[in-house]
Amino acid sequence: MDYIPNILFAITLIIGIGYFVKNIRKLIRNIKLGQDIDVSDNTSQRWKNMGLIALGQSKMLRRPVAGILHIIVYVGFIIINIEVLEIIIDGIFGTHRIFSGIGNLYGVLIGSFEILAVLVLVSVIVFWIRRMVLRIPRFWNKEMTKWPKNDALNILYFEMVLMSLFLIMNATDVLFQGMNSGNIVSQFIAPWFGDFSENTIHIIERSAWWIHIIGILIFLNYLYFSKHLHILLAFPNTFYANLKPKGELNNLEAVTKEVMLMMDPNADPFAAPAEGEEENEPAKFGASDVQDLNWVQLLNAYTCTECGRCTSQCPANLTGKKLSPRKIMMDTRDRLEEVGKNIDANKGEFKDDRKQLLDDYITREELWACTSCNACVEACPVSINPLSIIMDMRRYLVMEQSAAPTELNNMMTNIENNGAPWPYNQMDRLNWKNE
Amino acid sequence: MSETLKVPTMAEYMAQGKQPEVLFWVGCAGSFDDRAKKITKAFVKLLNKANIEFAVLGTEESCTGDPAKRAGNEFLFQMQAVTNIEVLNAYEVKKIVTTCPHCFNTLKNEYPSLGGNYEVVHHTQFLKSLLDDGRLTIEGGKFKGKRITFHDPCYLGRANNIYEAPRELIKKLEAELVEMKSCKQDGLCCGAGGAQMFKDAEKGDKEINVERTEQALDIKPEIIAAGCPFCNTMITDGIKIKEKEADVAVMDIAELIANAQDL
Ligand code: HEM
Ligand code: SF4
Ligand code: SF4
């Protein structure tokens with residue numbers, strides 16, 4: 001009979017972690033639906049970026065208030081989770097505070113966890129106030145209704161509950177309070193429970209303990225469905241982010257091949273393709289759906305924290321246009337999820353659902369409003385590049401659909417005919433000299 | 001005064017069997033747009049004054065393809081690029097200076113993988129290096145103590161991390177450099193990039209150039225300095241819309257420096 005809690009605990013743990021692993025597998029599968037892209041260059045710079053931007057939170061601090069609050073939550077959350085290790089060992093082996101054997105250091109550790117827990121609790125409450133009371137505009141754009149809004153609040157409530165449970169658990173742990181070391185905060189909470197019988201306090205302590213660990217497992221499994229996935233993906237995302245100058249837009253290799261062929265006077269346009277080249281399906285230019293994007297762009301979509309720093313810097317959005325770089329990322333993720341579910345429902349094979357990222361999620365009006373100014377890329381604290389998706393979709397519109405706005409078609413015709421975006425003659429290019 | 005401009009072409013250099021120190025890539029705006037042509041000329045005056053051996057491609061120059069690429073037409077871009085690279089490589093061009101950040105970005109970042117490898121600098125960088133080497137002197141004179149703000153072109157700033165060269169030149173004019181609310185890496189776009197210059201904006205509640213002009217007017221400058229012919233046009237239009245032409249001038253850095261020495 002004594003083993004029942006241990007067994008229950010082990011089962012809970014296995015279910016919780018098992019389900020999490022399943023979701024991570026799905027996540028990786030979905031990201032791999034993207035096109036290949038070579039990111040094997042300059043590994044040392046990549047490690048450095050990950051260290052600075054994700055681990056070091058360097059870009060978070062560009063907005064000092066949000067940045068500092070977040071660092072508290074981030075550091076606090078990671079460190080307090082050392083405590084989870086103890087909970088797991090206690091849970092499986094039926095021990096009680098197994099690490100307390102290490103003596104004074106234990107008190108120091110738990111003491112700092114308690115202080116951090118209070119700091120995290122306060123920070124998360126401030127986060128909530130910034131959203132719900134101060135109503136900071138970037139949290140209230142059009143795309144931030146329904147699930148995205150609830151999701152953001154859920155996370156904050158979750159953290160509030162988890163931190164409170166941690167403190168209550170310590171406060172009602174009579175043995176721990178008896179040690180009187182490390183209960184820096186909980187000693188002030190303990191008296192709240194002073195009137196309860198020893199038995200009730202024990203039940204409260206056990207409940208807090210169980211809800212705390214179950215809460216953490218639920219939280220872990222919530223990640224996949226949430227913008228909170230960033231706590232894991234911020235690391236690979238900053239690692240794989242673009243290292244080239246922001247202004248550099250990649251040259252499509254498939255186009256280069258055709259252009260070189262066209263420019264080569266010796267090439268025979270009707271020649272049969274060389275052996276083995278036939279299988280290479282004719283490349284689709286640009287992107288109309290998530291599978292046309294590369295996997296780093298898809299990883300970007302799952303990493304997005306929906307913080308809206310990008311949108312708050314976007315010149316198009318600031319002047320009332322529909323474009324919002326955050327929405328570009330959210331749409332990409334939503335569509336990718338839809339494609340993933342479609343694959344799950346059809347035994348591993350995607351069945352055409354007559355939908356795509358273009359038009360069904362992202363409208364042309366949004367795409368054509370972008371000035372390619374890179375403000376969104378610069379602003380993103382986790383190195384996401386919404387502009388690259390916009391550009392790939394424009395490429396599809398122009399090269400596959402010839403669907404550019406008329407004025408842009410005129411501009412391009414001019415370039416083709418006169419070598420300038422305006423209808424001037426190339427032979428007049430040096431006239432300014434004598435004017 | 002145009003007869004005093006010396007603007008040799010690459011073909012002329014070639015005919016003499018010589019190589020200039022640098023190729024001046026004029027760009028489409030610099031060649032055809034009335035406002036931008038003034039910038040081109042101001043820069044040439046500075047090059048002449050400093051006795052720089054430079055050349056232009058003249059009628060052999062063609063659009064870099066930037067607006068086509070940003071509009072999504074990779075084909076047209078690469079056709080333009082490959083054609084231009086053929087010309088540039090035939091002249092064995094090593095170094096290019098340009099007054100347009102869009103040309104600058106494209107030539108510097110997007111031509112190499114298509115076979116065009118050159119040292120490419122923006123004219124503010126080039127002028128700064130002439131100054132550092134003592135080949136050009138800048139006198140404050142006219143602009144001494146004037147309130148000047150610099151509008152960062154996206155394709156110079158964020159796109160290529162060049163923020164200081166233009167600012168150092170302004171400071172050399174002994175002017176009072178003032179910064180807008182959003183500047184440098186946070187600089188707000190003028191609204192022209194990504195091929196927007198060539199189309200009407202999507203529906204919204206304001207034009208981007210007006211927003212940016214208002215940011216500039218907030219800090220009450222006498223001159224808004226620009227480093228891009230497109231930004232220049234957009235902000236000049238913004239100033240007109242705000243009816244501030246009498247109080248605020250929009251000038252390229254090259255014009256400021258040329259003007260300061262009455263060139
Ligand atoms: C265990 C680790 C982490 C935890 C517990 C955590 C927690 C949170 C929470 C609670 C929020 C919501 C704030 C709000 O509602 O306004 C948030 C937002 C955010 N997090 Fe994290 N985070 C973690 C790791 C990271 C990492 C490694 C990065 C990488 C830089 C990161 C970047 C962000 C960003 C950019 C936001 C949006 C903040 C804003 O509004 O400006 N987080 N995080
Ligand atoms: S690059 Fe496009 S989407 Fe990004 S901030 Fe600029 S205009 Fe907005
Ligand atoms: S793309 Fe980056 S800046 Fe924009 S909402 Fe997502 S995380 Fe924030």
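Scroll up for the structure.
On a predicted model such as this, the values are computed, not experimentally measured, just so you know. (Residues numbered from 1 in each chain as written. Chains lettered and ligands numbered in written order. Predicted model: local features only at pLDDT ≥ 70, side-chain atom pairs only at ≥ 80, totals over all residues. Heavy atoms only, no water.)

Thoughts on the overall build of chain A
Right, so step 1: The number of helices and strands found in chain A is 20 helices and zero strands.
Right, so step 2: Projecting the C-alpha coordinates of chain A onto the three principal axes gives extents of approximately 95 × 55 × 40 Å.
Right, so step 3: Of all 435 residues assigned to chain A, the portion counted as buried reaches 50%.
Right, so step 4: Relative to all contacts within chain A whose residues are 6 or more apart in sequence, the contacts with residues 24 or more apart total 75%.
Right, so step 5: A total of about 21500 Å² of accessible surface is found on chain A, and carbon and sulfur atoms cover 62% of it.
Right, so step 6: Averaging the locations of the 41 positively and 47 negatively charged side chains of chain A gives two centres separated by 7 Å. (Helix = DSSP H or I, 4+ residues; strand = E, 2+ residues; numbered from the N terminus. Buried < 20%, exposed > 50% of the residue type's maximum accessible area, 1.4 Å probe, protein only. Contact = heavy atoms within 4.5 Å. Areas by Shrake-Rupley, 256 points an atom, 1.4 Å probe, with all protein chains shown as cover. Lys, Arg positive; Asp, Glu negative; His and termini not counted. Charge placed at Lys NZ, Arg CZ, Asp CG, Glu CD.)

Examining the coordination of the iron atom of ligand 1
Residues and elements named next belong to chain A.
Right, so step 1: Surrounding the iron atom of ligand 1 are the protein donor atoms His70 (NE2) and His230 (NE2), which sit 1.9 to 2.0 Å from the metal.
Right, so step 2: The coordination sphere of the iron atom of ligand 1 comprises six donor atoms, whose angles at the metal cover 85 to 179°; the geometry is octahedral. Placement of His70 in helix α3 (residues 64-80) and of His230 in helix α10 (residues 230-240) is noted, with a sequence separation of 160 residues between them. (Donors = N, O, S within 2.8 Å, 3.2 Å for Na, K, Ca; no water. Tetrahedral: all angles 85-135°; square planar, octahedral: opposite > 155°, others 65-115°.)

Topic: helix α11 (residues 253-263) of chain A
Right, so step 1: Along α11 of chain A, the residues that are buried comprise Val255, Thr256 and Val259 of chain A. For α11 of chain A, the buried positions fall inside an angular range of 100° around the axis, keeping them on one side. Projecting away from the buried face of α11 of chain A at angles above 90 degrees are the exposed residues Glu253, Lys257 and Leu261 of chain A.
Right, so step 2: Considering only its buried residues, α11 of chain A is in contact with α19 (386-400) of chain A together with α5 (74-90) of chain B. (Arc of directions from axis to C-beta.)

Focus: the nonpolar core
Right, so step 1: Leu408 of chain A together with Leu88 and Ile96 of chain B are the most contacted members of the largest nonpolar core, which has 101 residues in total.
Right, so step 2: Looking at which element gives the most residues to this core, the answer is α19 of chain A, with eight residues.
Right, so step 3: Excluding residues within four positions of it along the chain, Leu88 of chain B makes contact with Leu23, Trp25, Leu57, Val93, Ile96, Leu107 and Tyr118 of chain B.
Right, so step 4: Core analysis: the next-biggest nonpolar cluster, separate from the first, contains 40 residues, Val22, Phe24, Leu46 and Leu256 of chain B among them. (Core = buried A, V, L, I, M, F, W, Y, C linked by side-chain atoms within 4.5 Å.)

Some details on unusual backbone geometry
Right, so step 1: Phi angles above zero are rare outside glycine, and Gln57 of chain A is one such case at about 60°.
Right, so step 2: By secondary structure assignment, the location of Gln57 of chain A is in the loop between α2 (43-55) and α3.
Right, so step 3: Judged by relative accessible area, Gln57 of chain A falls into the buried class, the value being 7%.
Right, so step 4: Positive phi values are uncommon outside glycine, yet Glu92 of chain B reaches one of about 50°.

Focus on the site of ligand 2
Residue and element names in this part refer to chain A.
Right, so step 1: Of all residues adjacent to ligand 2, which total 13 residues, the nearest are Cys314, Cys370, Cys373, Asn374 and Cys376.
Right, so step 2: For the shell around ligand 2, the elements supplying multiple residues, two or more each, are α18 (375-379) and α19.
Right, so step 3: A class-by-class count of the residues in the shell around ligand 2 yields ten nonpolar, three polar and no charged. (Near = heavy atom within 4 Å. Nonpolar A, V, L, I, M, F, W, Y, C, P; charged D, E, K, R; others polar.)

Some words on the environment of Phe139 of chain A
Residue and element names in this part refer to chain A.
Right, so step 1: In this structure, Phe139 sits in the loop between α5 (104-132) and α6 (146-171).
Right, so step 2: We classify Phe139 as buried; its relative accessible area is 10%.
Right, so step 3: Residues Phe139 and Ala152 lie 13 residues apart in sequence; the distance between their C-alpha atoms is 9.4 Å.
Right, so step 4: Apart from the residues within four sequence positions on either side, Phe139 is in contact with Arg130, Arg131, Met144 and Cys307.

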